[in-house]
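# Structure assessment
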2 protein chains.
Amino acid sequence: MAGTDRSRRPAKASASGDAAVPVFILIEPQLGENIGMSARAMLNCGLTRLRLVRPRQGWPNEHAVAPSSGADVVLDGVEVFETTEEAIADLELVYATTARTRDMVKPCVTPFEAAEEMAPFIAEGGNCGVLFGRESRGLTNDDTTLADKILSVPLNPAFPSLNLAQAVFVIGYEWFQRTTDINLSGVHIPKDTRPANKQELTNMFEHLEDELEAGGFFHVTEKKPIMVRSIRNVFQRATMTEQEVRTFRGVIKSLANIHRKKG
Amino acid sequence: MAGTDRSRRPAKASASGDAAVPVFILIEPQLGENIGMSARAMLNCGLTRLRLVRPRQGWPNEHAVAPSSGADVVLDGVEVFETTEEAIADLELVYATTARTRDMVKPCVTPFEAAEEMAPFIAEGGNCGVLFGRESRGLTNDDTTLADKILSVPLNPAFPSLNLAQAVFVIGYEWFQRTTDINLSGVHIPKDTRPANKQELTNMFEHLEDELEAGGFFHVTEKKPIMVRSIRNVFQRATMTEQEVRTFRGVIKSLANIHRKKG
């Protein structure tokens, strides 16, 4: 790290111009399809900086295009290198992805931990990269030695070997989760409605209970309170919208009419 | 959930006999390759229960075998159904994976949250499943309606569409992280050595500093303490093993000999 200036942007940024993401480096990838799937997985996670070291089929590679599903910004920005050393020359922090435990004394982190480390490092102007080995046999010991840390995905110990694009994806995924504040959780209410208010719910409950009373549903009077609570709680749990309450008023009316016709 | 008996195991367990994992259900998968890659991703995460609804190329499908990379336990246990309703009949909690926001009032969770929910649910004997739509267009609204919750992966909003096996993998990955205690982190020390103790380090430091003194490295006497601290701190950060200290004693000796030969 001697002589590193964290405030300096790398001289060779990706085509996207966005340097504030880690660089992913595929070493000797064998198939264009895997490069394309990796590019797609990267862009899914907002990553655009892809480097290749000695791609076996050369570059550009038409077989990468369809599997990338339109991740042109990644494919168009690909940089190709002859050696791993050249591919990581402008980086200050490099991870080597490998599933295997090696006889190598090097810190090991999970994708979660790597993302937790890379996010502030990059935010401060640092340049990070992640090395991925060839599909058939992973990283060589020499390439692993070039890295600061080993990045290992906790997986089924009996079946840990990941497809290349899956390895790319899981590291991108953890990066994206740590660096982006997208809130998908919770109940989405469509724009043309809103959560029902309690008056609307009470009206619906009373409508239902009146009809049930008329139909003789509460013929055991002492059980009425417990049945009313049970029915109301089902609808309370459903956290209905105003639109849904109106739909259910119609449902109750319709069922009650059948009942009246039968009766 | 009426009539649900959480203590009951499903009548129709997978070939693996391991019911304590979620069931993954691929609806109308188009290509055997994707089924194979999904099976591999599942087994990477310790998941074995795969169901297919109307696979377009039928089942079994030879195109699934190679991409599964030996996940035979998953492929051999595949169950095929004519309808989504039949495929989820024995489940009590079902998630629908979709990247799209829909005009549907349904709770939405992330893979992390789904894993946090499924783990205790399954631990208590419940049966969960996750629905995945066809490659080209995802789940239909009708299939999504059959689910309790929407499962959405937070991804690049400009490029959110995941490859089928990637969607399978990320949900399996989060499940595995929440339910397995595999500790890969930290520095792995090979069995044939151990961390160096402080006496060994001190001896190495003194050896180095003696040779540097002999070579005139500390000719500005008042700077010696700061230079000694700087050099020692580099080696302290490296947290060396006993084997590595011995290697470095050899390195120092070798360099000092060159120096003597030159001098």
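Residues numbered from 1 in each chain as written. Chains lettered and ligands numbered in written order. Predicted model: local features only at pLDDT ≥ 70, side-chain atom pairs only at ≥ 80, totals over all residues. Heavy atoms only, no water.

This part covers the nonpolar core. Formed by 84 residues in total, the largest nonpolar core has its most connected members in A:L50, A:F132, A:F169, B:F24, B:L50, B:F132 and B:F169. Once you skip the residues sitting within four places of it in the chain, A:F132 turns out to touch A:F24, A:I25, A:L26, A:I27, A:T97, A:L139, A:L164, A:A167, A:V168 and A:I171. (Core = buried A, V, L, I, M, F, W, Y, C linked by side-chain atoms within 4.5 Å. Buried < 20%, exposed > 50% of the residue type's maximum accessible area, 1.4 Å probe, protein only. Contact = heavy atoms within 4.5 Å.)

Cis rather than trans, the peptide bond between A:W59 and A:P60 has omega equal to 0°. Within the secondary structure layout, A:P60 lies in the loop between β2 (50-53) and α2 (72-76). Here A:E28, not a glycine, exhibits a phi torsion of approximately 50°, which is positive. Take A:E28: it is sitting in the loop between β1 (23-27) and α1 (32-44). Positive phi, close to 35°, is recorded for B:T239, a residue that is not glycine. Positionally, B:T239 belongs in the loop between α8 (224-237) and α9 (242-262). (Helix = DSSP H or I, 4+ residues; strand = E, 2+ residues; numbered from the N terminus.)

Residues and elements named next belong to chain B. Across its 16 residues, helix α6 (residues 164-179) extends 23 Å between first and last C-alpha, which sits within 8% of the 22 Å expected from 1.5 Å per residue. The buried fraction of α6 is high, at 14 of 16 residues. The distance from a side-chain oxygen at the start of α6 to the backbone nitrogen of A165 is 2.8 Å, and the residue carrying that oxygen is N163. (Expected span 1.5 Å × (residues − 1). Polar contact = N/O pair within 3.5 Å; in protein donor to acceptor, adjacent residues only side chain to side chain.)

Here we take up the confidence of the model for chain A. Regions with low pLDDT should not have their predicted coordinates read in detail. On average, residues of chain A carry a pLDDT of 88, and 90% of them reach 70 or more. This complex was scored by the predictor with a pTM of 0.85 and an ipTM of 0.84. (pLDDT = per-residue confidence, 0-100.)

Under the definition given, this model contains eleven aromatic pairs over all chains. Ring centres of A:F235 and A:F248 lie 5.5 Å apart, and the angle between their planes is 80°; on these two criteria the pair is classed as edge-to-face. Note that A:F235 is positioned in helix α8 (residues 224-237) and A:F248 in helix α9 (residues 242-262), a separation of 13 residues in sequence. Exposure remark for A:F235: the relative accessible area of 16% places this residue in the buried category. In this structure A:F248 comes out as partly exposed when scored by relative accessible area, which is 32%. Each residue in the set A:F169, A:Y173, B:F169 and B:Y173 is aromatic and connected to the rest through ring pairs, giving one cluster. (Phe/Tyr/Trp six-rings, centres within 6.5 Å; stacked < 30°, edge-to-face > 60°.)

Helix length check: α8(A) (14 residues) gives 20 Å between terminal C-alpha atoms against 20 Å at 1.5 Å per residue, within 8%. Residue A:T239 follows α8(A) closely and has a positive phi angle near 40°.

Attention shifts here to the sheet that holds strand β2 (residues 50-53) of chain B. Across the sheet, which stays open at both edges, the eight strands sit in the order β8(A)-β5(B)-β7(B)-β4(B)-β6(B)-β1(B)-β2(B)-β3(B) with mixed pairing between neighbours. Each of the sheet's edge strands pairs with one partner strand only, and the pair in question is β8 (186-187) of chain A together with β3 (79-81) of chain B. Note: β8(A) against strand β5 (residues 107-109) of chain B, two bridges, orientation antiparallel. Bridge pairing in β5(B) places A:V187 opposite B:P107. Helix-sheet contacts for helix α1 (residues 32-44) of chain B involve β1 (23-27) and β2 of chain B, and the interaxial angle to β2(B) is about 155°. Strands β4 (93-97), β5, β6 (128-132) and β7 (149-151) of chain B of the sheet are contacted by helix α4 (residues 111-123) of chain B, whose axis makes an angle of about 100° with β5(B). (Pairing = 2+ DSSP bridges. Axes fitted to C-alpha atoms, helices over the stretch in contact; angles between N-to-C directions.)

Moving on to the pairing of β1(B). Side chains on a regular strand alternate between the two faces of the sheet. Residues and elements named next belong to chain B. Within β1, five of the five residues are buried, which leaves it mostly tucked inside the rest of the structure. Burial along β1 is two-sided: the face carrying V23, I25 and I27 and the face carrying F24 and L26 are both buried. Of the strand pairs in this sheet, β1 and β2 are connected by four bridges, and their pairing is parallel. Bridge pairing in β2 places F24 opposite L50. The parallel pair β1 and β2, bridged by α1, forms a crossover whose chirality is right-handed. (Right-handed = clockwise from strand over helix to strand, strands pointing away.)

Here we come to the packing of helix α4 (residues 111-123) of chain A against helix α6 (residues 164-179) of chain A. Residues and elements named next belong to chain A. One can describe the packing of α4 onto α6 by two numbers: an axis separation of 8 Å at closest approach and a directional angle of 55°. Between α4 and α6, the interaxial angle falls into the category oblique. The crossing of α4 and α6 is right-handed. Residues P111, F112, A115, E116, M118, A119 and I122 of α4 lie in contact with α6, whose contacting residues are V170, I171, E174, W175, R178 and T179. Class assignment of the residues belonging to the contact of α4 with α6 gives a composition of nine nonpolar, one polar and three charged. (Parallel < 35°, antiparallel > 145°, perpendicular 65-115°, else oblique. Left-handed = near helix turned anticlockwise from the far one by under 90°. Nonpolar A, V, L, I, M, F, W, Y, C, P; charged D, E, K, R; others polar.)

Take the side chain of B:T98 next. All names here are of chain B. Note on placement: T98 falls in the loop between β4 and β5. By relative accessible area, which is 8% here, T98 ends up buried. What T98 contacts, discounting residues up to four positions off in sequence, is I150, L151 and S152.

Our focus in this paragraph is the pairing of β2(A). Residues and elements named next belong to chain A. Going residue by residue along β2, you find L50 and L52 tucked away on one face and R51 and V53 tucked away on the opposite face as well. As paired elements, β2 and strand β3 (residues 79-81) share three bridges and run parallel to each other. Counted as the bridge partner of V53 is F81 from β3.

Before going further, it helps to examine the state of the cysteines. Applying the stated rule across the entire model yields zero disulfides over all chains. B:C45 provides the cysteine sulfur closest to A:C45, a residue in no disulfide bond, and the two sulfurs are 15 Å apart. With relative accessibility at 1%, the residue A:C45 sits in the buried group. In this structure B:C108 is not part of a disulfide, and its nearest cysteine sulfur, from B:C128, lies 17 Å away. A relative accessible area of 11% means that B:C108 is categorised as buried. (Disulfide = S-S within 2.5 Å.)

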